[in-house]
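Structure at a glance
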Amino acid sequence: MLAMCFATAIAPVLATVAFAVLITSAVQTTQSADTTRQAAAVRAGAAVVPRGTPGLSDAAVARAGGTALLSTTVYGGEGRAALSAAGVSPGFEQAYTVRAPRGNTVVVTAAVAAAHGWREGRTAVLTFEDGRAGRLRVTGVVDDSMPYQVFLPRELVRAHDPSALADVAYRTSPTPAPLPAGLGAEQVPVAVYAASDDAEEDRLVWRFTLILVTITAGYTMISVASTLLAATAGRTRDFRVLRLSGATPRQVLLTLAAETCCVVTLGAALGLVVAAPALFGTAHGLREELGLPVELAVAWPWVAGVITGCLLVATAATVLPARAALRRMRRA
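Residues numbered from 1 in each chain as written. Predicted model: local features only at pLDDT ≥ 70, side-chain atom pairs only at ≥ 80, totals over all residues. Heavy atoms only, no water.

This part covers the overall build of the chain. The helix and strand inventory of the chain stands at 10 helices and nine strands. On C-alpha atoms alone, the chain measures out to a radius of gyration of 30 Å, which is more than a quarter above the 20 Å that the 2.2 N^0.38 rule sets for 332 residues. Taken along its principal axes, the extent of the C-alpha atoms in the chain is 95 × 45 × 35 Å. Within the chain, buried positions represent 40% of all 332 residues. Nonlocal contacts in the chain, meaning residues at least 24 apart in sequence, comprise 78% of its contacts between residues at least 6 apart. (Helix = DSSP H or I, 4+ residues; strand = E, 2+ residues; numbered from the N terminus. Rg over C-alpha atoms; globule rule 2.2 N^0.38 Å. Buried < 20%, exposed > 50% of the residue type's maximum accessible area, 1.4 Å probe, protein only. Contact = heavy atoms within 4.5 Å.)

Once that is clear, we can look at the packing of aromatic side chains. Applying the stated criterion across every chain yields a total of five aromatic pairs. Here Tyr96 and Tyr170 contribute two aromatic rings whose centre-to-centre distance is 6.0 Å and whose plane-to-plane angle is 80°, an arrangement assigned as edge-to-face. Here Tyr96 is found in helix α3 (residues 92–96), whereas its partner Tyr170 is found in strand β8 (residues 166–171), with 74 residues between them in sequence. Each member of the pair, Tyr96 together with Tyr170, is buried. Measuring from ring centre to ring centre gives 6.2 Å for Tyr170 and Tyr193, while their planes differ by 80°; the resulting arrangement is edge-to-face. You can see Tyr170 sitting in strand β8 and its partner Tyr193 sitting in helix α6 (residues 190–197), a full 23 residues away along the chain. A single burial state applies to Tyr170 and to Tyr193, both of which are buried. Through a chain of ring-to-ring contacts, three or more aromatic side chains come together here, namely Phe92, Tyr96, Tyr148, Phe151, Tyr170 and Tyr193. (Phe/Tyr/Trp six-rings, centres within 6.5 Å; stacked < 30°, edge-to-face > 60°.)

Let us look at the layout of surface pockets. What the largest pocket holds in volume is close to 330 Å³. Around the largest pocket, the lining comprises 18 residues; the ones closest to its centre are Gln38, Met146, Pro147, Tyr193 and Asp197. For the lining of the largest pocket, the element with the highest residue contribution is α6, accounting for four residues. Per-class residue counts for the lining of the largest pocket are 12 nonpolar, two polar and four charged. (1 Å grid on protein atoms, 1.4 Å probe; cavity = no way out; pocket = protein on both sides within 12 Å on 5 of 7 lines; lining within 4 Å. Points joined across faces, edges and corners; volume = space filled by probe spheres on them. Nonpolar A, V, L, I, M, F, W, Y, C, P; charged D, E, K, R; others polar.)

Taken together, the side chains of Ile211, Ile215, Tyr219 and Ile222 define a hydrophobic patch exposed on the protein surface, amounting to about 460 Å² of accessible area. Summarising the element assignment, Tyr219 is placed in helix α7 (residues 199–233). Tyr219 sits in the exposed class, given a relative accessible area of 62%. (Patch = residues over 30% accessible without salt bridge, like charges linked within 9 Å, V, L, I, M, F, W, Y side chains within 5 Å. Areas by Shrake-Rupley, 256 points an atom, 1.4 Å probe, with all protein chains shown as cover. Salt bridge = Lys/Arg side-chain N within 4 Å of Asp/Glu carboxyl O.)

Here the focus is the environment of Arg243. Topologically, Arg243 is positioned in helix α8 (residues 236–244). Considered as a pair, Arg243 and Met329 are 86 residues apart in the sequence and their alpha carbons are 9.3 Å apart. Residues contacting Arg243, with those up to four places away along its chain left out, are Thr248, Pro249, Val252 and Leu326.

Before going further, it helps to spend a moment on the environment of Ala316. Here Ala316 shows up in helix α10 (residues 300–331). The class for Ala316 is partly exposed, based on a relative accessible area of 34%. As a C-alpha pair, Ala316 and Thr172 span 144 residues in sequence and 60 Å in three-dimensional space.

As a further point, take the side chain of Thr260. With respect to the helices and strands, the residue Thr260 is situated in helix α9 (residues 249–290). Side chain to side chain, Thr260 and Thr318 meet in a polar contact 3.3 Å long. Discounting chain neighbours no more than four positions away, the residues touching Thr260 are Leu228, Ala314, Thr315 and Thr318. (Polar contact = N/O pair within 3.5 Å; in protein donor to acceptor, adjacent residues only side chain to side chain.)

Right, let's talk about α10 for a bit. Counted at 1.5 Å a residue, the expected span for α10 with its 32 residues is 46 Å, and the 46 Å between its end C-alpha atoms agrees. Residues of α10 that are buried: Val303, Val306, Gly309, Cys310, Ala314, Ala317, Thr318, Val319, Ala322, Ala325 and Leu326. (Expected span 1.5 Å × (residues − 1).)

Applying the stated criterion across every chain yields a total of two salt bridges. The partner of Asp130 in a salt bridge is Arg132, with the nearest N and O atoms 2.8 Å apart. Since its relative accessible area comes to 34%, Asp130 is described here as partly exposed.

Viewed as axis vectors pointing N to C, α9 and α10 meet at an angle of 150°, and their least axial separation amounts to 9 Å. In terms of axis orientation, α9 runs roughly antiparallel to α10. The way α9 lies across α10 gives a crossing that is right-handed. Residues that form the contact of α9 with α10 fall into these classes: 18 nonpolar, three polar and two charged. (Axes fitted to C-alpha atoms, helices over the stretch in contact; angles between N-to-C directions. Parallel < 35°, antiparallel > 145°, perpendicular 65-115°, else oblique. Left-handed = near helix turned anticlockwise from the far one by under 90°.)

Between α7 and α10, the shortest axis-to-axis distance is 9 Å and the interhelical angle comes to 25°. When the axis of α7 is compared with that of α10, the two are roughly parallel. The two elements α7 and α10 cross, and the hand of that crossing is right-handed. Residues Trp206, Leu210, Val213, Met221, Val224, Ala225, Leu228, Leu229 and Thr232 of α7 pack against Trp302, Val306, Gly309, Cys310, Val313, Ala314, Ala317, Thr318, Pro321 and Ala322 of α10. Class assignment of the residues belonging to the contact of α7 with α10 gives a composition of 16 nonpolar, three polar and no charged.

Below you can see the structure in the form of structure tokens.
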């Protein structure tokens, strides 16, 4: 009977830990893989980003050197949709291994090309920030992983959007010179910039993940508590035997707490074992798909928090009713 009760208590602990480990670790591993993919797509030694300014001016880009992406917005296609665009220089080819547009030409991503029928060699009509429209020949269709939807010659963007600022400049020289002070820019590794570029989206995804884990863990912890409450209520005869054997109430409660720790530890260990194959499979699949090294990321602080929560709930569900039962015995 006792073994059956504790086996039943292990199951919800196992489910709680396995779900928490699987969801949080899968999200972190996927985010890490996406950052690795973005960093690997850029062939540059470092990235220069704004510091204390909304963007990099032409003067800052010239002093920093490298290839800058001049950010703007254009409108075109079905319903004159707003498209994120960047003005690029010939150095764009060195950073992204994609032929840079020149003259009245444009490079678009595959999703934009499919949505608006802009195949290579066709003409795309785009409206710029100053309201003027231009007919541009599509010279290339690139992968959707690129940071912008449309790529234009830098001179063309500057002519139509004089206030445009660059979001980043990639330094492709083997030994880039140090940035001068007061430039309003700082140099960071490409991987750091790739992570910060999606930081807001990653933060929202992680917040939703934690809400999901918290709700699920709350329900399974209720199952842990109810199971152990029922098991403890049926052990009154055991408590009486321990007391008649000379055990003090404190010793009885410590014994129950130790048993509970064993139950939670076993359930947590089994939960980790259950989640491990899926996590290693996720990391392996990402490595195969991206062709890049992807390390498994486990959210240990949150896993430890879930296990601690299970331990506290299980201990309370065992010790508190046992304490009340021992008090009734003493009065009797």
